[in-house]
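# An overview of the molecular structure
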Amino acid sequence: WDNADFSRGVGTTFYQEFPTLNTAKPPFIRDVEAKVRRYLRSSYSAAWTLKITWEKAPAYAAQTDSRRTITYQAILTTDGFRSYVLMLYQEGGMRWDYTRLAATNVLIGYT
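Note that this is a predicted model, so its numbers are computed, not measured.

### Considering the nonpolar core
- Core analysis: the largest hydrophobic core is formed by 6 residues, namely Phe18, Ile29, Val36, Tyr44, Ala46 and Tyr84.
- For Phe18, the contacting residues outside a window of four places in its chain are Pro26, Phe28, Ile29, Ala47, Trp48, Thr49 and Lys51.
- Membership of the second largest hydrophobic core comes to 5 residues, among which are Ala57, Ile70, Tyr72 and Trp96.

### Structural notes on the pattern of salt bridges
- Going through the model one piece at a time under the given rule, you end up with 4 salt bridges.
- Close ionic contact of Asp31 with Lys35 constitutes a salt bridge, the shortest N to O distance being 2.9 Å. With Asp31 and Lys35 both in helix 1 (residues 27–40), this residue pair falls 4 residues apart, about one helical turn.
- For Lys35, a relative accessible area of 19% puts it in the buried group.

### With respect to the side chain of Thr53
- For Thr53, the location among the structural elements is in strand 2 (residues 48–58).
- Among the polar contacts made by the side chain of Thr53, one reaches the side chain of Gln73 at a distance of 2.9 Å.
- Here Thr53 is in contact with Thr12, Thr13, Phe14, Thr71, Tyr72 and Gln73, once residues within four sequence places are set aside.

### Structural notes on unusual backbone geometry
- For Arg41, which is not glycine, the phi dihedral falls at a positive 50°.
- Look at Arg41 and you get exposed, because its relative accessible area is 76%.
- The phi dihedral of Lys56 is positive, around 55°, even though this residue is not glycine.
- Within the secondary structure layout, Lys56 lies in strand 2.

### Digging into the packing of aromatic side chains
- Tallied over the entire structure, the rule returns 4 aromatic pairs.
- One aromatic cluster in this structure is built from Trp54, Tyr72 and Tyr89.
- Lying across the ring of Tyr39, Arg38 places its NZ or CZ 4.8 Å from the centre.
- A cation sits over an aromatic face here: Lys51 above Phe28, 4.6 Å from the ring centre.

### Observations concerning the sheet that holds strand 3 (residues 69–78)
- One open sheet holds the 4 strands; their spatial order is 1-2-3-4, and the pairing between them is antiparallel. The two strands at the open ends of the sheet, each matched to only one other strand, are strand 1 (12–19) and strand 4 (83–89). In this sheet, adjacent strand axes meet at a mean angle of 10° when their direction is disregarded.
- Summarising the sheet, strand 1 and strand 2 pair through 8 bridges and their orientation is antiparallel. Each bridged residue has a counterpart across the sheet, and for Glu17 the counterpart in strand 2 is Leu50.

Conventions we followed
Residues numbered from 1 in each chain as written. Predicted model: local features only at pLDDT ≥ 70, side-chain atom pairs only at ≥ 80, totals over all residues. Heavy atoms only, no water. Core = buried A, V, L, I, M, F, W, Y, C linked by side-chain atoms within 4.5 Å. Buried < 20%, exposed > 50% of the residue type's maximum accessible area, 1.4 Å probe, protein only. Contact = heavy atoms within 4.5 Å. Salt bridge = Lys/Arg side-chain N within 4 Å of Asp/Glu carboxyl O. Helix = DSSP H or I, 4+ residues; strand = E, 2+ residues; numbered from the N terminus. Polar contact = N/O pair within 3.5 Å; in protein donor to acceptor, adjacent residues only side chain to side chain. Phe/Tyr/Trp six-rings, centres within 6.5 Å; stacked < 30°, edge-to-face > 60°. Lys NZ or Arg CZ within 6 Å of the ring centre and 35° of its normal. Pairing = 2+ DSSP bridges. Axes fitted to C-alpha atoms, helices over the stretch in contact; angles between N-to-C directions.

So, in structure tokens, the structure goes:
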């Protein structure tokens, strides 16, 4: 894990909330539900979902290299009883120069 650094004006963070209880579900929510069902082999119907996108995020400290950025998302979703997080990375994976990061044991995702 490492920190993104938006202090140099490079990169943006967006979020979008999807309250879907008692409403028609957009294609994005149907896709999230399908992923949860497929990966966890269980029935799932989202009541609420939050999509957070970090676009063109440079690694901390951005003054060392703001050209190697990454775009990634965290999608939090719940049916009111169970909650899940999907972590999605741009094609090609992490683009930060891991040799310049403070941590040497770099992982994508969480443990």
